[in-house]
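Coordinate analysis (summary)
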Amino acid sequence: MESSKTLFFALISLLFSFISCCIVSAQTQEALIECLSRKFSLSETLRIVYLPNTTSYNNLLQSSIQNLRYSSSSTPKPLMIIAPKRETQVQAVVVCCKEQGLQLRVRSGGHDYEGLSYRSRSPFVVLDLSHFRSIDVDVDDKLAWVDSGATLGELYYNIAKTSGNLGFPAGLCPTVGVGGHISGGGIGTLMRKYGLAADNVIDARLVDAKGRILDRGTMGEDLFWALRGGGGGSFGVILSWKIKLVEVPPVVTVSAVHRTLQQNATNLVSRWQSIADKLHEDLFMRVLLQKVDGTIQVSFNSLFLGEANQLLPMIEKSLPELGLEAKDCKQMTWIQSVLEFAGYSSADPTDVLLKKDPPYGKSPFKGKSDFVMEPIPEKALEGFWKLFLEDNTVLFKIIILDPLGGKMNKISNSATPFPHRKGNLYNIQYMVKWGDDGKDDQQHLDFIERLYNYMTPYVSKSPRRAYINYRDLDLGSNGEGNYTSYFAARTWGLKYFKSNFKRLGQVKAAIDKDNFFRSEQSIPPMHASKKKRGG
């Protein structure tokens, strides 16, 4: 009887707590809408605000969630989604959210590996930039202005539509939002020739925590430096980027060679490690490792900025063991190579790059990353293959090795916040995906953790480094609330940014000392009184 009473009162308490929460949420929504309507009309406000329990809210929320781990009913949802159409509306959203003490998460493409652009532990609002997709290409000056809400696919499509000999060095996935990608640096197939996406930015427009619109001239060089690789969501809402376009030849060559363990793949990977960063900067050769028919298949996928008859002797000299032949090579235009590396066919129409869903579909996934500074011994590779093959319950697992070197070695590690240049051979991305029923989350997470732990002796150290665009909360997380200790955040911050993290903290203190723009892995302000404690 006593236990029944206890259960009854517990349920009553839970009910009142739920009702109270709903009342508080409704009051907060009302106050925010009222604030916005003071900046522009109520009717205009309601056209850009999406409230929960409506079809339009759910459709917009789900539209750019790429990691289905964070689309379940248990994932915290925003109090509202605001999708502004004008810059003044973005300014008003920032000012009003700050006035109401609400977290603001800014979403461009929704590819954040940990979903931080659309979820939070505190009451929050999503500022969705899907209406900010303008792309203005200036062929004569080889420049473009691109809004943060545009996707890489849209950017590539618009460049190719206006010119056959211009491109842009950025990522492979066409549905990634420009805003988040450039904010984290932006590696891709052209980086060995032209550097990162962020290396090719010459201006930006940003709404800061005070609601001001700043460009490079008014924000100053320190903040402009921080935006180009310091990670998204820390310094303000980046509205648009002015980028330098790069020259690409009329004909490029894409090649692919697949080898299994039984076909000497281990030796090939070992040899690739010693030459991939030293190849001519016109050649990008990445390695993909997957389980196929009970063994490991290693794929050597290349983009060469030239014709096949130039590529073949180059590979014969540097990596003859690969056995690259003319039949393995396909000549095409640069935009067709974008299709190939995105998972489409070079024969597909280029407007497939405008699709909202990635060609490989959406699923729950977990990613991690490493940087390698010395070749991994063959014996260690063999141990990794064994571990990779042992778990038959993980349905999809892939390891991607992206070579550095070339132009990346010619740019200082402090030129932008991205520090993984000189001294690094290649980047590793570990990825596991699984079904969307959510039943196998933990076994997949455990598997990728085992792979990651195994690699500890063979990758960068002091600290072990990671790529911010492959965000990984396993590395550490900020505390809740406005105050985040800069020195506690060094646990994860040094892994992404090394010594550049100190300068990022100083920039943050100058532009957003109250830490309005924050997340579980945003840059915390390093206040002047604490600088003496180290970087």
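These numbers come from a predicted model, not from an experiment.

1. Section: the state of the cysteines
Throughout the structure, instances matching the rule amount to 1 disulfide. Here Cys35 engages in a disulfide with Cys96; their sulfurs sit 2.1 Å apart. Where Cys35 bonds to Cys96 through sulfur, the torsion about that S-S bond is close to -80 degrees, and the disulfide is left-handed. Of the two residues, Cys35 sits in helix α1 (residues 2-39) while Cys96 sits in helix α4 (residues 87-99), which places them 61 residues apart along the sequence. For the pair formed by Cys35 and Cys96, the shared burial category is buried. Not engaged in a disulfide, the cysteine Cys97 finds its nearest cysteine sulfur in Cys96; these two sulfurs lie 7.3 Å apart.

2. Considering the sheet that holds strand β1 (residues 49-50)
Taken together, the 4 strands give an open sheet; going across it, the order is β1-β2-β4-β3, and neighbouring strands pair in mixed fashion. This sheet does not close on itself; its edge strands, each paired only once, are β1 and β3 (103-107). Two strands pair when backbone bridges link them, and β1 and strand β2 (residues 80-82) are joined in this way by 2 bridges, in the antiparallel orientation. Considered in β2, the bridge of Tyr50 is made with Ile81.

3. Details of the packing of helix α5 (residues 152-162) against helix α12 (residues 334-342)
The contact between α5 and α12 brings their axes to 10 Å, and the two run at 160 degrees. As the angle between them shows, α5 and α12 are arranged roughly antiparallel. Once α5 is placed against α12, the crossing between them reads as left-handed. Between α5, through Tyr156, Tyr157 and Ala160, and α12, the contact on the second element is made entirely by Trp334, Ile335 and Val338. Looking at the contact of α5 with α12, its residues break down into 6 nonpolar, no polar and no charged.

4. A short note on the pattern of salt bridges
Scanning the entire structure with this criterion turns up 33 salt bridges. Ionic pairing is found between Lys362 and Asp357, a salt bridge with its closest N-O pair at 3.5 Å. Among the residues examined, Asp357 registers a relative accessible area of 44% and is labelled partly exposed. A cluster of three or more residues bridged by salt bridges with shared partners is formed by Glu114, Lys366, Lys368, Glu449, Asp472 and Asp474.

5. Observations regarding the sheet that holds strand β10 (residues 237-244)
Strands pair in a sheet through their backbones, by hydrogen bonds, and they do so in one of two ways: parallel or antiparallel. Strand order in this open sheet of 5 strands is β5-β6-β10-β8-β9, and the pairing throughout is antiparallel. The open sheet terminates on both sides in strands that have one partner only, identified here as β5 (135-138) and β9 (213-214). Taken together, the 2 bridges between strand β8 (residues 201-207) and β9 define a ladder with antiparallel strand orientation. In the sheet register, Val207 faces β9, and the bridge partner there is Ile213. Each of β5, β6 (143-147) and β10 is contacted by α5, which is oriented at about 35 degrees to β5, the strand it contacts most.

6. A word on a negative patch on the surface
On the surface, Asp136, Asp138, Asp140 and Asp141 cluster together into a patch of negative charge. When you line up the elements, Asp140 lands in the loop between β5 and β6. The class of Asp140 is exposed, set by a relative accessible area of 71%.

7. Focus: the packing of aromatic side chains
Centre distance and the angle of the planes are the two values used to describe a pair of aromatic rings. Considering all chains together, one arrives at 20 aromatic pairs under this definition. On the basis of an interplanar angle of 80 degrees and a centroid distance of 5.2 Å, the ring pair of Tyr113 and Phe365 is categorised as edge-to-face. Here the residue Tyr113 occupies a position in the loop between β3 and β4 (124-128), and Phe365 occupies one in strand β16 (residues 365-372), the gap between them amounting to 252 residues. By relative accessible area, Phe365 is classed as buried at 9%. On the basis of an interplanar angle of 85 degrees and a centroid distance of 6.1 Å, the ring pair of Tyr430 and Tyr452 is categorised as edge-to-face. One end of the pair, Tyr430, is in strand β18 (residues 426-433); the other, Tyr452, is in helix α14 (residues 441-454), with 22 residues separating them in the sequence. Its relative accessible area of 9% is what places Tyr452 among the buried residues.

About the criteria used
- Residues numbered from 1 in each chain as written.
- Predicted model: local features only at pLDDT ≥ 70, side-chain atom pairs only at ≥ 80, totals over all residues.
- Heavy atoms only, no water.
- Disulfide = S-S within 2.5 Å.
- Helix = DSSP H or I, 4+ residues; strand = E, 2+ residues; numbered from the N terminus.
- Buried < 20%, exposed > 50% of the residue type's maximum accessible area, 1.4 Å probe, protein only.
- Pairing = 2+ DSSP bridges.
- Axes fitted to C-alpha atoms, helices over the stretch in contact; angles between N-to-C directions.
- Parallel < 35°, antiparallel > 145°, perpendicular 65-115°, else oblique.
- Left-handed = near helix turned anticlockwise from the far one by under 90°.
- Contact = heavy atoms within 4.5 Å.
- Nonpolar A, V, L, I, M, F, W, Y, C, P; charged D, E, K, R; others polar.
- Salt bridge = Lys/Arg side-chain N within 4 Å of Asp/Glu carboxyl O.
- Patch = residues over 30% accessible without salt bridge, like charges linked within 9 Å, V, L, I, M, F, W, Y side chains within 5 Å.
- Areas by Shrake-Rupley, 256 points an atom, 1.4 Å probe, with all protein chains shown as cover.
- Lys, Arg positive; Asp, Glu negative; His and termini not counted.
- Charge placed at Lys NZ, Arg CZ, Asp CG, Glu CD.
- Phe/Tyr/Trp six-rings, centres within 6.5 Å; stacked < 30°, edge-to-face > 60°.

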